[in-house]
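So you can see what is in the structure, the chains are spelled out below.
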Amino acid sequence: MIRFENISIVFPDKKRSFKAVDDVSFEIKKGEIFGIVGSSGAGKSTLLRTINLLQRPTSGNVYVDEQNITDLKGEDLRKLRLNIGMVFQQFNLIRSKTVYENIAFALKIAGKTAEEIKTLVPEALKVVGLTEKANAYPANLSGGQKQRVGIARAIANKPQILLCDEPTSALDPETTESVLKLLKEINEKFGITTVIITHEMNVIKKICNRVAVMSGGEVLELDEIFNVFASPGHEFTKGLINHTINLELPERFTEKDNYEILKIVYKGDKAEEAVISQTIRKFNVDMNILHGKIEYISGKPLGILLVRLDGNVNDVTRAKEYIRNNTYKMNVINGN
Amino acid sequence: METNYSVLLNDLIKAFNETFLMCGISLVAALVLGIPLGIFIFLTGKGMLWENKITNFIGCFIVNIVRSTPFIILLVVLLPFTQLVAGTAIGPVAASVPLAIVSVAFYARLVESSLHEVDKGVIEAATAFGASHLRIIKDVLLPESRAGLLRGFIITAISLVGYSAMAGIVGGGGIGDLAIRFGYYRYQTDVMFITVALIILLVQGMQSFGDYLVKKSDKK
């Protein structure tokens, strides 16, 4: 549906030019919710803007529906944009227009007749659940409501692609939750290909099918989100995920020398197997669970446990071996 | 000198009419030419839709020349041009030519600066939805800066009342000219007081009316 082919974007500067996006190639599938995550300055927003050419790549090509759009201009570019809705971090609503007029504005641009606008605006408002706010001005809406209007405006014309630039970064956690739910509903209902930019792994975890992790203008890894969570391939990704899953131990554990702590990761089918109780029974060791969590990502469980084994050295070694073989991943995170 | 108040009243009415004529013509020019010029300078600026260094520089340069030349000098320098456009170099209509030029430049600057207040994100959003430049101007830039445009217009109008006082140089007349001729040159202090008081009232009235319009139009 959307394909980046060796995209590089360089911002010229007097002293030295800045490479915001560095030779990025990947594809976003039709109908999926694709996330691009990274810290600020990673180039994700710049990359997103090449899809509707708010930003032209310095080199490389962007394909939308197998059409190379990189050099589109004028009327062709306008036509492309009519098929791509966009949602912004700061909502970007026209303050001098009512909610209704804001949505009607997008439809007018798309060349809809007054009759069509009269049916399409209420339809879009209904999808986002703001029918009763049609005549309110943006200033009188909460952040969450403003973003809903932003979403209604973006989908009113029934585009095939929806670009979301940090759609929840200006919202509180609860509102974030409901806006993400809405984006997911819209994705399922209309089959609209959705691309979401965010710096929060949490957002990705909630609604995305696949994710690309960006840092310094490059894509570090790209996979199904479950796989990225279960086995992040890059230090940067590990950091992001640890921050989200947040298994932090008090310092009194981590400060001790030779105090071995095992981090056990189990996923999918194995998450439900009783590896822990079997280990205790088989090897005559004591197991002290220090921290633990099971995350359900895309409906699949991903378990993480921080444990400490006590017992005679042989038993512990064999128990560790057993755990290593019967779980997805096990590593020693403290001690020798 | 004794003041004949019925004569003064007639003089005042005539002077007010001349002031209104001069300011009216100039303000129409400010609206018709100043707004497009302001939009043009704004849009050719850095990072804008029509970004173009050279045309932006030319636009700014012309506006700055007009704004930095003392009006009284501009009035004289423009005499041949005024003769050409108005057919005469004397009278309120002739004085309107330099006044119009000043008000266009003055208002264009104010228009540009109120357009800068418009959220760039809203412009980006409209672009992302495929809006043409004309539609962005009409449906985003102008309505979003309406309060600023109005405020600027009132400032321009009030400045014009002041500038028009100098129009006496070319026989333009007006209340400012009346205050100078009678009140200052002929030592009729009472006439000066009355005219100045009336000018203050006029300016106050314009300001209050302007504030009222701004308040009514502002939806932020």
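Keep in mind the model is a prediction, meaning the values are calculated, not measured.

Remarks on the state of the cysteines
One way to say it: the disulfide is the covalent bond shared by the sulfur atoms of two cysteines.
Residue and element names in this part refer to chain A.
Consideration 1: Evaluation of the coordinates by the stated rule reveals zero disulfides over all chains.
Consideration 2: Here Cys-164 is not cross-linked by a disulfide; its sulfur's nearest cysteine counterpart is in Cys-208, at 9.3 Å.
Consideration 3: Among the residues examined, Cys-164 registers a relative accessible area of 0% and is labelled buried.

Thoughts on the domain arrangement of chain A
All names here are of chain A.
Consideration 1: Taken as a whole, chain A is organised into domain 1 (2-243) and domain 2 (251-334).
Consideration 2: Averaged C-alpha coordinates put domain 1 and domain 2 at centres separated by 40 Å.
Consideration 3: On the domain 2 side, the residues contacting the nine residues of domain 1 number 12 residues.
Consideration 4: Applying the counting criterion to the domain 1 and domain 2 interface returns one salt bridge.

With respect to the packing of helix α1 (residues 5-43) of chain B against helix α8 (residues 146-164) of chain B
All names here are of chain B.
Consideration 1: Packing of α1 against α8 leaves a shortest axis separation of 10 Å and a crossing angle of 140 degrees. Comparing their axes, α8 and α1 come out oblique. In the crossing of α1 with α8, the sense of the turn from one axis to the other is right-handed. Between α1, through Thr-19, Met-22, Cys-23, Ser-26, Leu-27 and Leu-31, and α8, the contact on the second element is made entirely by Phe-153, Thr-156, Ala-157, Leu-160, Val-161 and Ser-164.
Consideration 2: Considering only residue class, the contact of α1 with α8 consists of eight nonpolar, four polar and no charged.

Some points on the pattern of salt bridges
Consideration 1: Inspection of the entire model under this criterion finds 23 salt bridges over all chains.
Consideration 2: Linking Asp-22 of chain A and Lys-19 of chain A is a salt bridge whose minimum nitrogen-to-oxygen distance equals 3.4 Å.
Consideration 3: What makes Lys-19 of chain A partly exposed here is its relative accessible area of 41%.
Consideration 4: Among the salt bridges present, the one from Glu-144 of chain B reaches Arg-95 of chain A, with a minimum N-O distance of 4.0 Å. One end of the pair, Glu-144 of chain B, is in helix α7 (residues 133-144); the other, Arg-95 of chain A, is in the loop between β6 (84-87) and α3 (99-109), on a second chain.
Consideration 5: In this structure, a network of salt bridges that share partners links the residues Lys-97 of chain A together with Arg-135, Lys-138 and Asp-139 of chain B.

Considerations on the side chain of Glu-112 of chain B
All names here are of chain B.
Consideration 1: Residue position: Glu-112 is located in helix α5 (residues 92-116).
Consideration 2: Only 2.6 Å separates the side chain of Glu-112 from the side chain of Arg-109, close enough to count as a polar contact.
Consideration 3: Each residue touching Glu-112, except ones within four places of it in the same chain, is listed here: Gly-38, Ile-41 and Phe-42.

Rules behind the numbers
Residues numbered from 1 in each chain as written. Chains lettered and ligands numbered in written order. Predicted model: local features only at pLDDT ≥ 70, side-chain atom pairs only at ≥ 80, totals over all residues. Heavy atoms only, no water. Disulfide = S-S within 2.5 Å. Buried < 20%, exposed > 50% of the residue type's maximum accessible area, 1.4 Å probe, protein only. Domains from an automatic or database assignment. Contact = heavy atoms within 4.5 Å. Salt bridge = Lys/Arg side-chain N within 4 Å of Asp/Glu carboxyl O. Axes fitted to C-alpha atoms, helices over the stretch in contact; angles between N-to-C directions. Helix = DSSP H or I, 4+ residues; strand = E, 2+ residues; numbered from the N terminus. Parallel < 35°, antiparallel > 145°, perpendicular 65-115°, else oblique. Left-handed = near helix turned anticlockwise from the far one by under 90°. Nonpolar A, V, L, I, M, F, W, Y, C, P; charged D, E, K, R; others polar. Polar contact = N/O pair within 3.5 Å; in protein donor to acceptor, adjacent residues only side chain to side chain.

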